[in-house]
Amino acid sequence: MAYLARRSGQALLVLAIAFTATFVLLQALPGDAILIKFESPELGLSPEQIAEIRQSYGADVPVWQQYLHTVAGFLAGDFGTSVQYGTPVHELLGSALPETLVLAGLGFLVAVVIAVALAFLSTLAPFGWLRQALRSLPGVFVSVPVFWLGIVLIQVFSFQLRLVPVIGADPVQALILPVLTLAIPISAPLAQILARAIDEVQLSPFVAVVRAKGASPARVLWLDVARNATLPTITIAGVLIGELIGGAVVTETVFGRAGIGRLTEQAVANQDVAVLQAIVILAALVFVLVNLVVDLVYPVLDPRLKRKAVAA
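Residues numbered from 1 in each chain as written. Predicted model: local features only at pLDDT ≥ 70, side-chain atom pairs only at ≥ 80, totals over all residues. Heavy atoms only, no water.

## Looking at the nonpolar core
Now for step 1: Formed by 28 residues in total, the largest nonpolar core has its most connected members in Ile186, Leu190 and Leu244.
Now for step 2: For this core, the secondary-structure elements that each account for two or more residues are helix H5 (89–124), helix H6 (128–142), helix H7 (146–160), helix H8 (173–202) and helix H11 (241–255).
Now for step 3: Ranked by residue count, the leading element in this core is H8, at ten residues.
Now for step 4: Sequence-distant contacts of isoleucine 186, defined by excluding residues within four places in its chain, comprise Ala111, Leu240, Glu243 and Leu244.
Now for step 5: In terms of nonpolar packing, the next biggest core, distinct from the first, is built from 15 residues, Phe19, Phe74, Val275 and Leu276 among them. (Core = buried A, V, L, I, M, F, W, Y, C linked by side-chain atoms within 4.5 Å. Buried < 20%, exposed > 50% of the residue type's maximum accessible area, 1.4 Å probe, protein only. Helix = DSSP H or I, 4+ residues; strand = E, 2+ residues; numbered from the N terminus. Contact = heavy atoms within 4.5 Å.)

Spelled out as structure tokens, the structure:
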């Protein structure tokens, strides 16, 4: 219980720091979202009317009062109102979040499949040159920018091979290229860590004992090595959630998907501070929760860490 309380306290501290840093940085941005939208000559609003609008959004009070008001609102589940859309931010997030969750979830699952396939095939491949080629692929994947990869996949699979339509695609077809775009860079560090862990575990004495009993290399790898090799991979998987969220934002922008990425792009263009604040905190919350779960599950998988957690 003490370990859980300590980890939960650390997670709350990270969220508080992320919230404060985001608020300060957004307030420091040049320009004003309210003036960008309402000071247009086409609207013909008087300075008095614009002042009333600023008052309605709470932008006429000192920054420290805005901070306290924003904190109170977030704690009560009120993320404010979008200046650009005139809609409560929680409604915008509610409509955009499902698309992003589907993309991120499928992208992560495909990334795990690719990583496991690369790590295990690079160990079981019969030829040295093939094993070396498979080991070098993650290094290539991790260096590829997400937006460039998405454009290349569209050019190859949609325009040249005509396997995945860009226009008129059904919901499943519309997910194929975005999921691959998101999954390939994420799979690279997973494959690298898993392959390295497999190499280390195979040098353990218990593996030598199993091999001495006549077990095949595939049996040793899948039944004896895999469980111990996946432990460090779980840790890096939690860290990669941040990259997964960022990759989902870029991927949605490239493929024109109506998710958090599109919402973020429009909020940045219009300096919609309330929307940006909510999106950053949402991303931080997901990152913190996933890593908290990893920290709590890891001692269960590794009894040595469980004893250390209890002793602490």
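## Comments concerning the pattern of salt bridges
Any two side chains of opposite charge can pair if their charged atoms end up close together.
Now for step 1: Counted by the stated rule, this structure contains two salt bridges.
Now for step 2: Between glutamate 99 and arginine 257 there is a salt bridge, with its nearest N and O atoms 2.7 Å apart. With glutamate 99 in helix H5 and arginine 257 in the loop between H11 and helix H12 (260–270), the pair connects residues that are 158 residues apart, well separated along the chain.
Now for step 3: Among the residues examined, glutamate 99 registers a relative accessible area of 35% and is labelled partly exposed.
Now for step 4: Here aspartate 199 and arginine 135 are joined by a salt bridge, their closest N and O atoms 3.0 Å apart. Of this pair, aspartate 199 sits in helix H8 while arginine 135 is found in helix H6, placing the two residues 64 residues apart along the sequence. (Salt bridge = Lys/Arg side-chain N within 4 Å of Asp/Glu carboxyl O.)

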